[in-house]
Amino acid sequence: MPQSLVKVLIHVVFSTKNRVDLIVPEIEAGLFGYIHGIVENNKSKLIIANGTMNHIHLLISLGRTICISELIGDIKRDSSVWIKTQGDFRNFYWQEGYGAFSIGQS
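Residues numbered from 1 in each chain as written. Predicted model: local features only at pLDDT ≥ 70, side-chain atom pairs only at ≥ 80, totals over all residues. Heavy atoms only, no water.

## Brief notes about the packing of aromatic side chains
Turning to step 1, where the next piece is worked out: Summed over the entire model, instances satisfying the criterion amount to 3 aromatic pairs.
Turning to step 2, where the next piece is worked out: Here Tyr 34 and Trp 82 contribute two aromatic rings whose centre-to-centre distance is 5.6 Å and whose plane-to-plane angle is 20°, an arrangement assigned as stacked. One end of the pair, Tyr 34, is in helix H1 (residues 25–41); the other, Trp 82, is in helix H2 (residues 68–83), and 48 residues separate them in sequence.
Turning to step 3, where the next piece is worked out: Classification of Tyr 34 by relative accessible area gives partly exposed; the value is 36%.
Turning to step 4, where the next piece is worked out: Centroid distance Phe 92 to Trp 94: 4.9 Å. Interplanar angle 90°. Geometry classified as edge-to-face. Both residues of the pair, Phe 92 and Trp 94, belong to the buried class.
Turning to step 5, where the next piece is worked out: Cluster of aromatic residues (ring-pair linked, three or more members): Phe 14, Phe 92 and Trp 94.
Turning to step 6, where the next piece is worked out: Over the ring of Tyr 93 we find Lys 17; its NZ or CZ atom is 5.7 Å from the centre of that ring. (Phe/Tyr/Trp six-rings, centres within 6.5 Å; stacked < 30°, edge-to-face > 60°. Helix = DSSP H or I, 4+ residues; strand = E, 2+ residues; numbered from the N terminus. Buried < 20%, exposed > 50% of the residue type's maximum accessible area, 1.4 Å probe, protein only. Lys NZ or Arg CZ within 6 Å of the ring centre and 35° of its normal.)

## A few points about the sheet that holds strand E2 (residues 45–51)
Turning to step 1, where the next piece is worked out: The sheet built from 4 strands is open, its strands ordered E2-E3-E1-E4 with antiparallel pairing. Pairing within the sheet leaves two strands with one partner each, and these edge strands are E2 and strand E4 (99–103). Across the sheet, the axes of successive neighbouring strands diverge by a mean angle of 20°, strand direction being ignored.
Turning to step 2, where the next piece is worked out: Summarising the sheet, strand E1 (residues 8–15) and E4 pair through 5 bridges and their orientation is antiparallel. Bridging from a neighbouring strand, His 11 pairs with Phe 101 of E4. (Pairing = 2+ DSSP bridges. Axes fitted to C-alpha atoms, helices over the stretch in contact; angles between N-to-C directions.)

Structure representation (structure tokens):
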């Protein structure tokens, strides 16, 4: 076979530090758009993103050249930097750790 085919769907969940309600509606769409770019830059695909004011859920089709921990580290680090530029969020941090669960396509 001259090509590599990969279809790994991952449900990712992580929260704000101490579960503080910091993901306000005013930044939510921008945050998910920014995360979409991070995922795409890592040769993966963000299928859908949602969440509440203190945690987010991401459904990601994982690329064949990146490991889950590296992708989530990039998402958390880069999105945290972005959020801090969106107003009075200089004390924003993601909580350590995450959940990542494989799911079937159906």
